[in-house]
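# Working through the structure, step by step
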Amino acid sequence: MAKRITDRVTWVGKTDWELKHFHGNELSTHRGSSYNSYLVRGSEKTVLIDTVWQPFDHEFVASLREEIELGSISAVIMQHNETDHSGALPELMRYLPGVPIYCTKKGEAIIRGHYHPQGWNFVNVRTGDTLSLGDVTLTFIEATMLHWPDTMFTYMSGEDILFSNDGFGQHYATESLYNDCVNHDELMYEAEKYYANILAPYSQMAIRKINEILSMQLPVRMICPSHGVIWKENPGQIVEQYLKWADNYRERQVTIIYDTMWNSTRIMAEQIAAGILQADPTVTVRIMNAAKDDKNDILTQAFRSSAVLVGSPTVNNGCTYAISGILEMLHGMKLKQKKAAAFGSYGWGGEAVRQISASLAASGFEVVNEGCRCQWVPDQAEIERVRNYGAELAVQLAL
Ligand code: FEO
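All of these numbers come straight from a predicted model, not from anything done at the bench. Per-chain numbering applies: the sequence of each chain, read as written, is numbered from 1 onward. Local features in this predicted model are restricted to residues of pLDDT 70 or higher, and side-chain atom pairs are both shown and tallied only at a pLDDT of 80 or more, whereas totals for entire chains, interfaces and linings draw on every residue. In computing side-chain values, all of the structure's heavy atoms are included and hydrogens and water are not.

## So, the state of the cysteines
Any two cysteine sulfur atoms within 2.5 Å of one another count as a disulfide. Taken as a whole, this structure holds zero disulfides when the rule is applied. Considering cysteine sulfurs only, Cys374 is the nearest to Cys372, which forms no disulfide, with 5.3 Å between them.

Following this line, the structure appears as structure tokens:
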């Protein structure tokens, strides 16, 4: 159901309460999500910014028709064409033949690649191009690789609204449309999880783009992303937070990610944690099981940490399935200025620790030592050795 934001802007998106996985199974969405679409009415023209995911295309168009006679829509602005925003475009365009679709050149290519349209009227835009709606003007700002090549933002003068698509978004389903109407801690966790899992690899571009927009000195009363709540109360807070997250963000936290077969590597994880805290009780230590905890929550904890310790028993001359997956995901995040070390139990061979260290180094972590191994099941002497390793590690990590 449509929700009025201002006299000229109406939310016409879809809240997806049931969504628990996004990007196939790559990203967990414990709190659901929303696909935000906005109807913008100027004194002369009305346009639609973005659509929703394809499973909701008929529902989206039907709901939109309750809000406006579709023939009154002068243009569709497609800021980013991943299917969660462009999926309903084919159904919508059945009712809007010839209506121009404003998008970047890459956006047109992506729409063509996805939907193979015939006869759609594309208008390619670049940074600084404008579309007058009469009493208000939309200005387009390319935001390449935030997080796709086609991404752009749209600034609306008159209302001072920045439509930011995925940027500043959160997978957070709520009936409350605004940031000051939801639980702040939940919201910030979902915003951080979104940044860590989707935008972190593009942090340098995020810094450049945010500074470019700040240098334009545009008044911004609201930031309207394509997922989650609208930043209405102090929208600058999420911009400032993004600048922190994008700048090699780290807190005084060590995240210990392990997997275990017969508990020896779990015991090592716990003893390393005890050793770190023995050496420095003020550090936050977070232990997570790669096979049992949510992988995207694990990555979020790794993102906010100064150091990441990864442990696996050796199985078939390598790591477990869960640890291999986490290492691959850590590689993709392109994190910088974080320290790391490996640990694990083994019966013979014991290759996992060396492999984890190599993977972490290749992913940009500073691996601070050769790691810690235990053969078979640690006895009391081994437990003390591993705990001492943790205490020495606390010094090496220099948290
Ligand atoms: Fe929300 Fe990149 O799509």
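## Overview of a nonpolar patch on the surface
Together, Trp348, Trp376 and Val377 make up an exposed nonpolar region whose accessible area comes to about 440 Å². For Val377, the location among the structural elements is in the loop between β22 (372-375) and α12 (380-397). Throughout, exposure labels follow a simple rule: accessible area from a 1.4 Å probe, protein chains only, divided by the maximum for the residue type, with under 20% read as buried, over 50% as exposed, and the rest as partly exposed. Look at Val377 and you get exposed, because its relative accessible area is 58%. The patch calculation keeps residues exceeding 30% relative accessible area without a salt bridge and links them within 9 Å when they carry like charges or within 5 Å when they are nonpolar (Val, Leu, Ile, Met, Phe, Trp, Tyr). Accessible surface is estimated by sampling points in the Shrake-Rupley manner with a 1.4 Å probe; for residues, cover comes only from the protein chains shown. Each salt bridge in this description consists of a side-chain nitrogen of Lys or Arg and a carboxyl oxygen of Asp or Glu lying within 4 Å of one another. Where helices and strands are cited, they refer to DSSP runs of H or I of at least four residues and of E of at least two residues respectively, numbered from the N terminus.

## A look at unusual backbone geometry
The omega torsion of the bond from Leu146 to His147 falls at 10°, within 30 degrees of zero and hence cis. Checked against the element boundaries, His147 lands in the loop between β13 (137-142) and β14 (152-156). Of note in this structure, His23 is not a glycine but carries a positive phi near 55°. As for its position among the elements, His23 is in the loop between β4 (21-22) and β5 (27-28). Residues other than glycine seldom take positive phi values, yet Gln337 does so here, at roughly 60°. For Gln337, the position within the fold is in the loop between α10 (321-333) and β20 (339-346).

## Observations regarding the environment of Met268
Mapping Met268 onto the fold places it in helix α8 (residues 264-279). A relative accessible area of 1% means that Met268 is categorised as buried. Put simply, Met268 and Ser63 are 205 residues apart on the chain and 55 Å apart in space, counted from C-alpha to C-alpha. Only heavy atoms enter the contact rule, under which two residues are in contact if any of them lie within 4.5 Å. Residue contacts for Met268: discarding those within four places in its chain leaves Phe343, Gly344, Ser345, Cys372, Arg373, Cys374 and Val386.

## A word on the packing of helix α5 (residues 184-199) against helix α7 (residues 236-246)
Axis definition: a line fitted to C-alpha atoms, limited for helices to the stretch in contact. Angles are taken between N-to-C directions and run from 0 to 180 degrees. Here α5 crosses α7 at 45°, and the two axes come no closer than 11 Å. Between α5 and α7, the angle is such that the two are oblique. The handedness of the crossing between α5 and α7 is right-handed. Residue-level contacts link His184, Met188, Ala191, Glu192, Tyr194, Tyr195 and Leu199 of α5 to Gln237, Ile238, Gln241, Tyr242, Trp245 and Ala246 of α7. The cut-offs work like this: below 35 degrees is roughly parallel, past 145 is roughly antiparallel, 65 to 115 is roughly perpendicular, and the gaps in between are oblique. Crossing handedness: left-handed means the near helix sits turned counterclockwise from the far one by under a right angle, and right-handed means the same turn made clockwise.

## So, the sheet that holds β14
In spatial order, the strands read β12-β13-β14-β15-β16; together these five strands make up an open sheet with mixed pairing. Looking at the sheet topology across the chains shown, the edges are occupied by β12 (130-132) and β16 (222-225). For this sheet, the mean inter-axis angle between neighbouring strands, taken without regard to orientation, is 20°. Sheet analysis places β14 next to strand β15 (residues 161-165), joined by three bridges and oriented antiparallel. Paired with Thr154 across the two strands is Phe163, which belongs to β15. Its contacts with the sheet place helix α6 (residues 203-215) against β13 and β14, and it is angled at close to 150° to β13. Strands qualify as paired when DSSP identifies two bridges or more between them.

## What to know about empty space enclosed by the protein
Think of a 1 Å grid over just the protein atoms. A cavity is a set of points where a 1.4 Å probe fits yet cannot get out, a pocket is an open set with protein on both sides within 12 Å along at least five of seven lines, and lining residues have an atom within 4 Å of a point. Grid points are joined across faces, edges and corners, and a volume is the space filled by probe spheres set on the points. In total, this model carries three cavities of 30 Å³ or more according to the counting rule given. Here the largest cavity is characterised by a volume of approximately 70 Å³. Leu146, Phe153, Gly167, Phe168, Tyr195, Leu199, Ala206, Lys209, Ile210 and Tyr242 are the residues that line the largest cavity. Taken together, the elements giving at least two residues each to the lining of the largest cavity come down to α5 and α6. Sorting elements by how many residues they give to the lining of the largest cavity places α6 first, with three residues. For the second largest cavity, the calculated volume is near 50 Å³. Around the second largest cavity, the lining residues are Lys3, Trp11, Thr15, Ser34, Asn36, Tyr172, Thr174, Ser176, Leu177, Gly228 and Val229. All residues other than Ala, Val, Leu, Ile, Met, Phe, Trp, Tyr, Cys, Pro, Asp, Glu, Lys and Arg, Gly among them, are scored as polar; the first ten of these are nonpolar and the last four charged. Of the residues that constitute the lining of the second largest cavity, the class distribution is four nonpolar, six polar and one charged.

## Examining the domain arrangement of the protein
Parsing the protein into structural domains produces domain 1 (3-246) and domain 2 (253-397). Taking the mean C-alpha position of each, domain 1 and domain 2 sit 39 Å from one another. Contact residues are listed per partner, giving 14 residues for domain 1 and 13 residues for domain 2. The buried area of a pairing is the accessible area, by a 1.4 Å probe, that goes missing from both parts when the two are put together, added over both. Approximately 1200 Å² of surface area, both sides summed, lies buried where domain 1 meets domain 2, with 48% of it carried by carbon and sulfur atoms. Each domain's extent is set by a domain assignment, obtained either automatically or from a database.

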